[in-house]
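# What the coordinates show
Chain by chain, the residues:
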Amino acid sequence: MSNLVVRWWDSDVGYSFRHSPTAMVAALIALLCIVGGLFAPWVAPHNPLDLTTLDLMDARLPPAWMEGGSTKYLLGTDDQGRDLFSAILYGARISLIVGGISVVISVIVGVALGLLAGFVGGWVDAFLMRLCDVMLSFPAILIALMIAGVARAIYPNANEQVSFGVLIVAISLTGWVQYARTVRGSTLVERGKEYVQAARVTGVSSMKIMYRHVLPNVTGPVLVLATVQLATAIITEATLSFLGVGVPPTSPSLGTLINNGNAVLFSGEWWVLLFPAGMLILIALSVNLLGDWLRDALNPRLN
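The paragraphs below set out a description of the structure included in this document. (Residues numbered from 1 in each chain as written. Predicted model: local features only at pLDDT ≥ 70, side-chain atom pairs only at ≥ 80, totals over all residues. Heavy atoms only, no water.)

## Examining the overall build of the chain
Each helix and strand counted, the chain has 13 helices and 0 strands in total. Going from the N terminus to the C terminus, the chain shows its helices and strands as α-α-α-α-α-α-α-α-α-α-α-α-α. Burial statistics for the chain: of 303 residues in total, 42% are counted as buried. A separation of at least 24 residues holds for 71% of the contacts in the chain among residues at least 6 apart in sequence. For the chain, the computed accessible surface area is about 16,100 Å², with 66% contributed by carbon and sulfur atoms. Separation of charge centres in the chain, based on 17 positive and 18 negative side chains, amounts to 16 Å. (Helix = DSSP H or I, 4+ residues; strand = E, 2+ residues; numbered from the N terminus. Buried < 20%, exposed > 50% of the residue type's maximum accessible area, 1.4 Å probe, protein only. Contact = heavy atoms within 4.5 Å. Areas by Shrake-Rupley, 256 points an atom, 1.4 Å probe, with all protein chains shown as cover. Lys, Arg positive; Asp, Glu negative; His and termini not counted. Charge placed at Lys NZ, Arg CZ, Asp CG, Glu CD.)

Spelled out as structure tokens, the structure:
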């Protein structure tokens, strides 16, 4: 593992990273947010999901540096007495997990279908691309809302695992299209090159050519797109949760925290909305900046 890190650090991409202050700052912010979210049970000072530890006497406390605040609650508390800093870490954990799994599923499905469409061609290519056109004709958030709404109607008393699964499927169903179209375009270019023709002449099967020869040469655009789509998936999850069709209230994500803050914004409790929204903005912005840097690093002609 250490050798891989050293080789990456000494590569052209590593050199570009070392000489890009924006990429380094974005990577640091993203790393802090991701580590804080994924390791929330060990990092957070309180467990906001444990109702036995909540005290309504501590409800609606301002941040620690304001008058009336408590050093016990760094960013204040909400109307249930939950520590807002801990709730944000737990909420980011859910948003990151749902968004990350959605991107992984979208990449697997999109890359596989894109390779198949570009390499095989013919009616397979035509069918898959028309399917992509149909998916792109509807707003992604509308499709996700429809799937989440239908699933809730079918399973009104679904547990948390089912709710998470429905949310992941809803986001993934609209995310694979971009990968399929991107990989298909790159595959159309690669399949006519000499190394592919040489592999065919030597009797290598089409499946091995696709995944052993073509796939490694089309991963650059996929990595860039996956980085950007991670931020999009997290925002989509937060939007669905804000609208009340995402994760259940017992497992609040950043979207549900923002929704709770929006309900009490005009009561003067601005911190309940500002800090969860700020966390969402930090994650999305840092990941997007990393995606922009990665695009430039993998395509020097853009510099």
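Having seen it, we continue.
## A short note on the packing of helix α5 (residues 84-120) against helix α13 (residues 271-298)
Viewed as axis vectors pointing N to C, α5 and α13 meet at an angle of 40 degrees, and their least axial separation amounts to 10 Å. Here α5 runs over α13; the crossing is right-handed. Of the residues in α13, those touching α5 at Leu84, Ile88, Ala92 and Leu96 are Trp271, Val272, Phe275, Pro276, Met279 and Ile283. Class assignment for the residues of the contact of α5 with α13 results in 10 nonpolar, no polar and no charged. (Axes fitted to C-alpha atoms, helices over the stretch in contact; angles between N-to-C directions. Left-handed = near helix turned anticlockwise from the far one by under 90°. Nonpolar A, V, L, I, M, F, W, Y, C, P; charged D, E, K, R; others polar.)

## So, the pattern of salt bridges
Scanning the model with the defined rule gives 4 salt bridges in all. Of the charged contacts in the structure, one is a salt bridge between aspartate 78 and arginine 82, with a shortest N-O distance of 2.7 Å. On the basis of relative accessible area, aspartate 78 is assigned to the buried category, the value being 5%. Residue arginine 82 is classed as buried on the basis of its relative accessible area, which comes to 6%. (Salt bridge = Lys/Arg side-chain N within 4 Å of Asp/Glu carboxyl O.)

## Describing a nonpolar patch on the surface
Together, Leu31, Val35, Leu38, Phe39, Trp42, Val43, Ile97, Ile101, Val104, Ile105, Ile108 and Val109 give the surface a local cluster of nonpolar side chains, amounting to about 1,100 Å² of exposed area. Per-element accounting of the nonpolar patch gives the leading share, 6 residues, to α5. By secondary structure assignment, the location of isoleucine 105 is in helix α5. Take isoleucine 105: its relative accessible area is 34%, and that puts it in the partly exposed class. (Patch = residues over 30% accessible without salt bridge, like charges linked within 9 Å, V, L, I, M, F, W, Y side chains within 5 Å.)

## Focus on the packing of aromatic side chains
Counted under the stated rule, the structure contains 4 aromatic pairs. Considering the side-chain rings of tryptophan 270 and tryptophan 271, the 5.7 Å spacing of their centres and the 85 degrees angle between planes classify their relative orientation as edge-to-face. You can call tryptophan 271 buried: its relative accessible area is 6%. Measuring from ring centre to ring centre gives 5.9 Å for tryptophan 270 and phenylalanine 275, while their planes differ by 55 degrees; the resulting arrangement is tilted. Residue tryptophan 270 is classed as partly exposed on the basis of its relative accessible area, which comes to 31%. Ring pairing ties together the aromatic residues Trp65, Trp270, Trp271 and Phe275, which thus form one cluster. (Phe/Tyr/Trp six-rings, centres within 6.5 Å; stacked < 30°, edge-to-face > 60°.)

## Here we look at the packing of α5 against helix α11 (residues 219-242)
For the pair α5 and α11, interaxial distance at closest approach is 8 Å and the crossing angle is 135 degrees. Regarding the angle of α5 to α11, the classification is oblique. Considering only the axes of α5 and α11, their crossing is right-handed. Along the contact surface, α5 presents Ser95, Leu96, Val98, Gly99, Gly100, Val103, Val107 and Val111, while α11 presents Val222, Ala226, Gln229, Leu230, Ala233, Ile234 and Glu237. The residue inventory of the contact of α5 with α11, partitioned by class, reads 10 nonpolar, 4 polar and 1 charged. (Parallel < 35°, antiparallel > 145°, perpendicular 65-115°, else oblique.)

Don't take any of this as a statement about function, it's just geometry.
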